[in-house]
Amino acid sequence: MPALVLLGAQWGDEGKGKATDLLGGSVDYVVRYQGGNNAGHTVVVGDQKYALHLLPSGILSPGCTPVIGNGVVVDPSVLLSELSGLNERGVDTSKLLISGNAHIITPYNVTVDKVTERFLGKRKIGTTGRGIGPTYADKINRVGIRVQDLYDESILTQKVEAALDAKNQILTKLYNRRAIAVEQVVEELLGYAEKIKPYVADTVLVLNQALEDDKVVLFEGGQGTLLDIDHGTYPFVTSSNPTAGGACTGAGVGPTKISRVIGILKAYTTRVGAGPFPTELFDEDGEALRRIGGERGVTTGRDRRCGWFDAVIARYATRVNGLTDFFLTKLDVLTGWEQIPVCVAYEIDGKRVEELPYSQTDFHHAKPVYEMLPGWSEDISKAKSFSDLPKNAQAYVKALEEMSGAPISAIGVGPGRDETIEINSFL
Ligand code: IMP
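What you see as residue numbers is a count from 1 along each chain, following the sequence as written. With the structure being a predicted model, the display of local features is reserved for residues of pLDDT at least 70 and the display and counting of side-chain atom pairs for 80 or more, all residues being used for whole-chain, interface and lining totals. As a rule here, side-chain values come from all non-hydrogen atoms in the structure, and water together with hydrogens is ignored.

S.K.: When you look at the packing of aromatic side chains in this model, what are you seeing that I'm missing?
M.R.: The geometry of an aromatic ring pair comes down to the distance between the two centres and the angle between the two planes. A pair of Phe, Tyr and Trp rings is counted when the ring centres sit within 6.5 Å of each other, with Trp represented by its six-membered ring. The angle between the planes then sorts it: under 30 degrees is stacked, over 60 is edge-to-face, the rest tilted. The final tally for this structure, using the stated rule, is 6 aromatic pairs. Relative to Phe277, the ring of Trp11 has its centre 5.3 Å away and its plane inclined at 50 degrees; by these criteria the two rings are tilted. Taken together, the residues Trp11 in the loop between β1 (3-8) and α1 (16-24) and Phe277 in the loop between β12 (269-271) and α9 (284-293) connect sequence positions 266 residues apart. Above the plane of the ring of Phe386 lies Lys398, whose end atom (NZ or CZ) is 5.5 Å from the centre. Secondary structure elements are taken from DSSP: a helix is a run of H or I of four residues or more, a strand is a run of E of two residues or more, and numbering for both begins at the N terminus. Whether a charge lies above a ring is judged from NZ of Lys or CZ of Arg, which has to be within 6 Å of the ring centre and within 35 degrees of the ring normal.

S.K.: Where do I start with the domain arrangement of the chain in this structure?
M.R.: Reports often express the size of an interface as the amount of accessible area lost when the parts come together. Assigned domains within the chain: domain 1 (3-91 + 202-422) and domain 2 (103-198). Where each domain begins and ends follows an automated or database-derived domain assignment. Each of domain 1 and domain 2 has a C-alpha centre, and the two are 29 Å apart. Two residues form a contact once any of their heavy atoms are found within 4.5 Å. On the side of domain 2, 19 residues touch domain 1, which itself brings 26 residues to the contact. Carbon and sulfur atoms make up 63% of the area that domain 1 and domain 2 hide from each other, which totals about 1800 Å². Buried area: the sum, over both parts, of the accessible surface (1.4 Å probe) that disappears when the two are put together. Its largest share of buried area at the contact with domain 2, domain 1 owes to Val73, Pro76 and Leu80, together 28% of the area lost on that side. Salt bridges are identified by distance alone: a Lys or Arg side-chain nitrogen within 4 Å of an Asp or Glu carboxyl oxygen. The interface formed by domain 1 and domain 2 contains 0 salt bridges. Polar contacts here mean pairs of N or O atoms no more than 3.5 Å apart (in protein, one a potential hydrogen donor and the other a potential acceptor; neighbouring residues in sequence count only if both atoms are side-chain atoms). Connecting domain 1 to domain 2 are 7 residue pairs in polar contact (both at pLDDT 80 or more). In terms of residue class, the side of domain 1 that touches domain 2 is built from 10 nonpolar, 14 polar and 2 charged. Classification convention: Asp, Glu, Lys, Arg as charged; Ala, Val, Leu, Ile, Met, Phe, Trp, Tyr, Cys, Pro as nonpolar; all other residues, Gly among them, as polar.

S.K.: Could you clarify how one ought to interpret helix α6 (residues 182-196) in this entry?
M.R.: The periodicity of an α-helix, 3.6 residues per turn, causes residues three or four places apart in sequence to face the same way. Here a helix's expected span is defined as the number of its residues, less one, multiplied by 1.5 Å. In a regular helix each residue adds 1.5 Å, so 15 residues correspond to 21 Å; α6 covers 21 Å between its end C-alpha atoms and thus fits that length. Burial classification: accessible surface area is computed with a 1.4 Å probe over protein chains only, and a residue below 20% of its type maximum counts as buried, one above 50% as exposed, and the rest as partly exposed. Listed in full, the buried residues belonging to α6 are Val182, Val185, Val186, Leu189, Tyr192, Ala193 and Ile196. Down the axis of α6, the buried set is contained in an arc of 130 degrees. They therefore lie on one face. Those residues of α6 that are exposed and aimed more than 90 degrees away from the buried face are Glu183, Gln184, Glu187, Glu194 and Lys195. By arc we mean the arc of the directions from the helix axis to the C-beta atoms, nothing more.

S.K.: Teacher, can you tell me more about a positive patch on the surface here?
M.R.: For patch building, the residue pool is restricted to those with more than 30% relative accessible area and no salt bridge; the joining distance is 9 Å between like charges and 5 Å between nonpolar side chains (Val, Leu, Ile, Met, Phe, Trp, Tyr). Surface accessibility follows the Shrake-Rupley procedure with a 1.4 Å probe radius. Residue values consider only the protein chains on display as shielding. Under the convention used here, Asp and Glu are negative, Lys and Arg are positive, and both His and the chain ends fall outside the count. Lysine's charge is taken at NZ, arginine's at CZ, aspartate's at CG and glutamate's at CD. Together, Lys114, Arg118, Arg177 and Arg178 give the surface a local cluster of positive charge. In this fold, Arg177 is placed in the loop between α5 (153-174) and α6.

S.K.: What is the right way to read the site of the ligand from this model?
M.R.: One heavy atom within 4 Å of a molecule or strand makes the whole residue count as near it. Not every one of the 16 residues close to the ligand is listed here, only the nearest: Asp13, Asn38, Thr128, Thr238 and Arg302. At 2.6 Å, a side-chain N or O of Thr238 approaches an oxygen atom of the ligand. One of the side-chain nitrogen or oxygen atoms of Arg302 is found 3.0 Å away from an oxygen atom of the ligand. Summarising the interface, the protein chains cover 97% of the accessible area of the ligand, which totals 470 Å² for the free molecule. A class-by-class count of the residues in the shell around the ligand yields 6 nonpolar, 8 polar and 2 charged.

S.K.: What am I meant to see in the environment of Ser240 here?
M.R.: As for its position among the elements, Ser240 is in the loop between β10 (217-220) and α8 (244-251). In the structure, Ser240 is positioned 108 residues away from Ile132 in sequence and 8.8 Å away in space, judged by C-alpha atoms.

S.K.: Explanation requested: the packing of helix α3 (residues 107-120) against helix α4 (residues 132-140) in the structure shown.
M.R.: How two helices pack is summed up by the angle between their axes together with the distance between the axes. Remark: α3 packs on α4, axes separated minimally by 7 Å, with the N-to-C direction vectors making an angle of 120 degrees. In this structure, α3 meets α4 at a crossing whose hand is right-handed. Contacts from Tyr108, Asn109, Val112 and Asp113 in α3 reach Ile132, Pro134, Thr135 and Asp138 in α4. Residues belonging to the contact of α3 with α4 are distributed by class as follows: 4 nonpolar, 2 polar and 2 charged. Inter-axis angles, ranging from 0 to 180 degrees, are taken between N-to-C directions of lines fitted to C-alpha atoms, where helices are fitted over the stretch in contact. Definitions for this section: a left-handed crossing has its near helix turned counterclockwise from the far helix by less than a right angle. A right-handed crossing has that turn clockwise.

S.K.: How do you make sense of the side chain of His53 when you look at a structure like this?
M.R.: Note that His53 resides in the loop between β4 (48-52) and β5 (65-68). Accessibility expressed as a relative area gives 18% for His53, which makes it buried. Among the polar contacts made by the side chain of His53, one reaches the main-chain carbonyl oxygen of Ala39 at a distance of 3.2 Å. Sequence-distant contacts of His53, defined by excluding residues within four places in its chain, comprise Arg32, Gly36, Asn37, Ala39, Gly40, Glu82, Val298 and Thr299.

S.K.: For this particular structure, what's the right way to read helix α10 (residues 311-321)?
M.R.: With 9 of 11 residues buried, α10 is to be regarded as a mostly interior element. Within α10 the residues assigned to the buried category are Ala311, Val312, Ile313, Ala314, Arg315, Tyr316, Ala317, Thr318 and Asn321. For α10, the side-chain oxygen to backbone nitrogen distance between the N-cap and Val312 is 2.9 Å, and the N-cap itself is Asp310. Remark: Gly322 follows α10 within two positions and exhibits a positive phi of approximately 60 degrees.

This is the structure:
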């Protein structure tokens with residue numbers, strides 16, 4: 001049963017870093033399959049806190065091989081600075097493998113991301129400004145630059161020329177910006193080539209061989225289900241597939257290899273950037289969740305929008321990902337509320353709706369239907385087993401499990417590595 005997928009069941013930032021890291025010790029490979037340095041994992045090891053954006057969180061577990069799959073978009077400057085930051089803190093990063101087919105976030109794609117957002121004005125997506133969308137657009141338009149292109153100067157130059165031909169027209173004529181010189185981009189990219197070379201590998205082959213050898217491979221999704229380009233709240237989404245199928249295309253493994261799909265689910269809900277969010281709070285409860293939960297983006301430093309738990313979304317995540325388990329995070333943040341509202345359905349134009357509406361218009365009009373669950377006031381951060389939790393916290397977890405459609409197999413009760421209750425083992 002060696003291949004597991006771990007992904008966000010909501011709008012990202014569910015605490016995946018902690019879950020991956022918890023498994024890291026028993027996992028041979030941790031693979032990122034989509035996204036880029038728009039992600040932000042905070043991992044706490046002992047008294048050390050690490051913020052990772054691009055690198056798989058398994059990089060912090062000795063014995064584990066971290067892999068950046070073909071579906072990821074790589075900003076080489078971010079990659080190198082993240083690596084040297086870890087090296088300075090004594091972390092060995094030499095086992096990292098990067099797919100030669102992964103696409104490169106070029107400096108012009110960072111520029112395009114920023115200027116298009118500015119151009120959209122109040123209709124903006126609220127992207128992280130890291131060049132993610134334009135890089136995936138180039139990939140689909142077949143004018144992308146891949147990691148392997150860094151090792152053939154002539155091909156690289158031709159490809160950058162092809163990409164900049166159209167982009168410079170748009171930058172100068174539409175956005176009123178200066179044109180970007182091909183030579184400058186090529187020179188910058190070539191400057192990264194030798195430093196990245198030791199990590200470049202045929203990751204599809206490596207991973208499939210590892211699976212044949214019964215090694216444990218963990219696929220780690222960035223962002224979350226509702227930010228998926230196909231299954232999320234389009235157009236307020238990221239430009240890749242964080243959902244489970246993305247692991248197959250973004251790493252080159254067949255769906256028959258995947259035995260377990262674990263959804264990370266926060267005990268309440270957050271999102272960053274624009275887009276619909278039925279349970280969003282604009283009152284002191286929202287402020288309290290933000291403060292107690294430390295809900296500020298690891299990547300952008302933006303405050304996250306906060307709201308109550310939404311079971312409609314959790315059910316949807318179970319379905320589109322074929323979830324086998326949930327890892328419920330940040331239960332401790334809810335300590336102290338007398339009653340905790342949980343959204344069990346939506347009301348749309350006067351009708352009760354149990355499932356996520358497929359129409360964007362309906363979703364924008366969805367009002368949460370709440371059920372009130374009794375809260376608890378006891379400190380739960382020392383709880384080691386489910387029965388250590390106060391009765392009302394147990395009932396909250398059980399209610400969420402019932403509504404969400406998959407067993408809750410682990411519960412996070414604090415930010416530290418050991419502040420987790422394991423109910424069913426993931427391995
Ligand atoms: P992009 O991925 O930078 O193109 O941004 C598209 C949308 O996804 C924006 O709403 C971002 O705030 C959101 N987003 C991107 N990465 C993350 C993440 O790791 N956590 C939460 N939201 C994210």
